[in-house]
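Okay, here's what each chain looks like letter by letter:
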Amino acid sequence: MIFRIILSIAGFLLVAEGIGAASISNLNLGIVMPFVIGIPLIVVGVFYPLLSSWWSVSIVGKILKYAMMKTNNLMYVLVGAFMISSCSDNVEGVNGSNENQTGSTEYTASAGFDWATSRNVSVSVSSPKTTVVSIYSDKDCSEATLLVGDLLVSSTTTSLELNIPIHCETLYLKYNSVSGKKTMPIALNTNTRSEVVAAIVPEDCVQPTSEEDAGFRFYHNTGVAMFEDTWPNESGNDNDMNDVVFEYDLKVTECQKEDLLPAQGYKEGLLMTLDVRAKGGRYPTKLGVVLGGLDKKYIKETTVRIVLKGGQGTEQELATGTDMAEVREVNGQAQYCKVTIDTKGDSPVVILDGLSDLGDNTNFFQVTPGYVEEGRPMLRAEVKLTGVNRSDAGVTKAESDAQLAAYRELITDTKKQNFFIVTHDNKEIHMKGYKPTYSYTNYDTDSKGLMMDNVPYCNKNGFVWGIKVPVGIAHASEKVLFSTAYPKFKEWVESDGAKNKDWYLHPAAGKVIRYW
């Protein structure tokens with residue numbers, strides 16, 4: 001009887017393990033084997049008296065009995081392996097473990113540290129003649145460092161509020177001259193979080209050649225968001241900040257020429273892309289962003305696309321829709337991805353669901369050296385929002401100005417960008433100080449009293465589970481501490497951001513993944 005009970009319990013535990021694994025992972029041997037072993041154990045445990053008599057008189061029964069004995073031995077081996085794996089997971093800080101861990105071995109952050117990797121600067125631009133300029137945060141003037149483009153300036157000063165990488169010491173103004181494109185540096189004061197600088201475009205600038213060139217300006221912001229999936233527990237020795245890594249890019253367009261405004265309907269627009277770069281955790285299923293301050297009343301039209309983003313600006317469209325797009329297969333391979341725009345709350349929430357289908361639970365996705373597929377196209381969510389027609393009857397000037405500010409501040413005030421991930425048990429993980437979405441109501445329970453008072457997603461040791469950086473940095477290799485991948489990171493944190501402001505520009509050789 002005891003033997004039957006042991007077999008039955010072992011079988012049920014294995015099947016339960018398989019069901020649990022299947023709910024958060026793709027089909028693999030680790031899911032199949034618990035069923036293959038567990039179901040026969042349950043059958044033998046429940047029906048042992050009948051099977052015992054059959055085994056003693058039938059050749060087939062004797063063969064099956066021998067097979068079951070070998071399976072029983074295999075069960076003990078697997079149970080031992082599971083126990084070792086469980087211990088390993090506790091050391092590495094897998095979600096749901098580390099219940100008793102009270103401190104981070106990596107860094108100590110003060111309660112007031114804001115983790116800001118960007119700062120604001122006010123720029124006043126004027127020109128001896130009407131011309132169009134663009135402003136960059138890097139002397140190479142690459143697309144990734146563009147802050148504002150196609151800005152129409154004249155002798156009347158144009159004032160801008162820009163958000164720039166915190167290490168940035170100089171801005172670069174690019175303009176058209178009679179001899180071609182030129183660049184003019186604008187020096188900054190790096191000892192302050194915000195400042196005002198003035199720039200005058202040189203005399204050799206030229207006027208725009210067409211009305212279209214001067215019609216629209218756009219603000220641009222880009223970077224990389226990185227998350228750990230262990231919240232509310234610290235990640236310990238597995239704090240590699242690569243459980244989910246995605247690139248973000250936001251571009252807000254606005255009409256800047258008075259005589260074009262009526263024809264264009266005073267419409268602002270946002271074009272945002274979220275590119276899934278890597279997943280180094282078992283548990284993340286979704287990523288998303290809350291566009292703070294953008295009231296749904298300012299959104300007239302929405303468009304969603306799912307694409308594969310390749311190199312050299314190439315892309316392959318997979319699906320499109322108004323407020324939702326979905327695919328279940330990519331290039332003949334099973335791949336689920338669903339992108340939605342949720343406008344039920346105070347601010348729109350964009351969610352990409354489909355992380356579970358990326359990689360496996362051993363080498364994960366684009367984080368483990370030797371298992372990184374260089375040049376692999378990235379799954380991209382593209383969202384386009386168009387503002388309402390501010391020239392419609394009944395729209396007041398105050399409402400018109402509020403819409404203009406709401407779109408522009410998505411770029412110039414990066415605190416409006418509330419990035420997050422969602423795990424298999426529906427926990428939302430945000431960056432320090434950001435509130436969960438309206439649909440996640442279990443924050444108080446799930447946080448287990450471990451967070452600072454009135455500071456969401458930051459525990460009492462100052463530990464955080466997500467950061468964003470306004471440059472295209474490489475992410476850490478699997479099981480490489482983030483402070484090892486970026487040696488200047490720890491001192492930046494422990495100095496409250498006063499030292500090593502450019503820490504993200506100095507990765508350790510061989511400790512990061514750069515495959516794109």
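Here the structure is a predicted model, which means the values were calculated and not measured. (Residues numbered from 1 in each chain as written. Predicted model: local features only at pLDDT ≥ 70, side-chain atom pairs only at ≥ 80, totals over all residues. Heavy atoms only, no water.)

> For this particular structure, what's the right way to read the overall build of the protein?
Within the protein, the secondary structure is distributed over 9 helices and 22 strands. The burial tally for the protein puts 50% of its 516 residues in the buried class. The contacts in the protein between residues at least 6 apart in sequence include a share of 69% that link residues at least 24 apart. Approximately 24000 Å² of the protein is accessible, and the part contributed by carbon and sulfur atoms is 54%. (Helix = DSSP H or I, 4+ residues; strand = E, 2+ residues; numbered from the N terminus. Buried < 20%, exposed > 50% of the residue type's maximum accessible area, 1.4 Å probe, protein only. Contact = heavy atoms within 4.5 Å. Areas by Shrake-Rupley, 256 points an atom, 1.4 Å probe, with all protein chains shown as cover.)

> Got a minute to help me understand the packing of aromatic side chains in this structure?
If you walk through the whole model with that rule in mind, you get 22 aromatic pairs. For the ring pair Y107 and F489, a centre distance of 5.9 Å and an interplane angle of 80° mean the geometry is edge-to-face. Of this pair, Y107 sits in the loop between α3 (59-92) and β1 (118-126) while F489 is found in helix α9 (residues 489-494), placing the two residues 382 residues apart along the sequence. Each member of the pair, Y107 as well as F489, is classed as buried. Aromatic pair F482 and Y486: ring centres 5.3 Å apart, planes at 35°, arrangement tilted. (Phe/Tyr/Trp six-rings, centres within 6.5 Å; stacked < 30°, edge-to-face > 60°.)

> Explain the nonpolar core here, please?
What tends to happen in soluble globular proteins is that the nonpolar side chains get buried as a cluster. Grouped together as the largest cluster of nonpolar side chains are 106 residues, with contacts concentrated most on W115, I135, L162, L171, L173, L274 and F489. With 6 residues, strand β9 (residues 244-255) is the single largest residue contributor to this core. Once residues lying within four places of it in the same chain are set aside, the contact partners of L274 are F246, E247, Y248, L287, V289, V350, L379, R380, A381 and F419. Ranked by size, the runner-up nonpolar core spans 5 residues in total, among them C141, L146, Y172 and F218. (Core = buried A, V, L, I, M, F, W, Y, C linked by side-chain atoms within 4.5 Å.)

> I would appreciate a short explanation of the pairing of strand β4 (residues 158-165) in the present structure.
Taken residue by residue, a regular strand's side chains alternate between the two faces of the sheet. The buried count for β4 comes to 6 of 8 residues, which makes it a mostly enclosed element. The pairing of β1 with β4 spans 8 bridges and is classified as antiparallel. Within β4, the residue paired with N120 across the bridge is N163. (Pairing = 2+ DSSP bridges.)

> I keep staring at a nonpolar patch on the surface and nothing clicks. Help me out?
A cluster of nonpolar residues, I5, I9 and L13, forms a patch on the protein surface that exposes about 290 Å² of accessible area. Relative to the assigned elements, I5 resides in helix α1 (residues 2-22). (Patch = residues over 30% accessible without salt bridge, like charges linked within 9 Å, V, L, I, M, F, W, Y side chains within 5 Å. Salt bridge = Lys/Arg side-chain N within 4 Å of Asp/Glu carboxyl O.)

> So what exactly am I meant to see when it comes to the environment of K182 here?
The residue K182 is located in strand β6 (residues 180-187) in this model. In this structure, the C-alpha to C-alpha distance between K182 and D204, residues 22 residues apart in sequence, is 9.6 Å. Engagement of the side chain of K182 in a polar contact is seen with the side chain of D204, the distance being 2.7 Å. (Polar contact = N/O pair within 3.5 Å; in protein donor to acceptor, adjacent residues only side chain to side chain.)

> Before we go on, may I ask you to explain the sheet that holds strand β18 (residues 417-423) in this structure?
In sheet architecture, strand pairing relies on hydrogen bonds along the backbone and comes in two forms, parallel and antiparallel. The strand order across the open sheet built from 6 strands is β14-β15-β16-β11-β18-β19, with neighbouring strands paired in antiparallel fashion. One side of each edge strand has no neighbouring strand; the edge strands of this open sheet are β14 (324-330) and β19 (428-430). If you compare each strand with its neighbour and ignore which way they point, the axes differ by 20° on average. Sheet topology places strand β11 (residues 284-291) next to β18; 7 bridges connect them, and they run antiparallel. Looking at the pairing, K286 lines up with V422 of β18. (Axes fitted to C-alpha atoms, helices over the stretch in contact; angles between N-to-C directions.)

> What exactly am I supposed to notice about unusual backbone geometry here?
The amide bond that connects W231 to the next residue, P232, takes the cis arrangement and shows omega of 10°. Along the chain, P232 turns up in the loop between β8 (216-227) and β9. With a phi close to 60°, N454 is a non-glycine residue in the positive phi region. A relative accessible area of 80% means that N454 is categorised as exposed. The phi torsion at N500 lies on the positive side, around 50°, for a residue other than glycine. Counting through the fold element by element, N500 comes out in the loop between α9 and β22 (512-513).

> Even after reading the chapter, I still don't get the pattern of salt bridges, so can you show me in this structure?
Tallied over the full model, the rule gives 16 salt bridges. Where K479 meets E478, a salt bridge forms, and the shortest distance between an N and an O atom there is 3.7 Å. Through salt bridges with shared partners, one network takes in E247, D275, R277, K309 and R380.

> Help me out: how do you make sense of the sheet that holds strand β7 (residues 196-200) in this one?
Read from one edge of the open sheet, 3 strands run β4-β1-β7, paired in mixed fashion. The sheet is open, and its two edges are formed by β4 and β7, each paired on a single side. The average angle at which neighbouring strand axes cross in this sheet is 30°, direction not considered. Two strands pair when backbone bridges link them, and β1 and β7 are joined in this way by 5 bridges, in the parallel orientation. Across the sheet, the residue bridging to S122 is V196, located in β7.

Nothing here speaks to function; it is all geometry.
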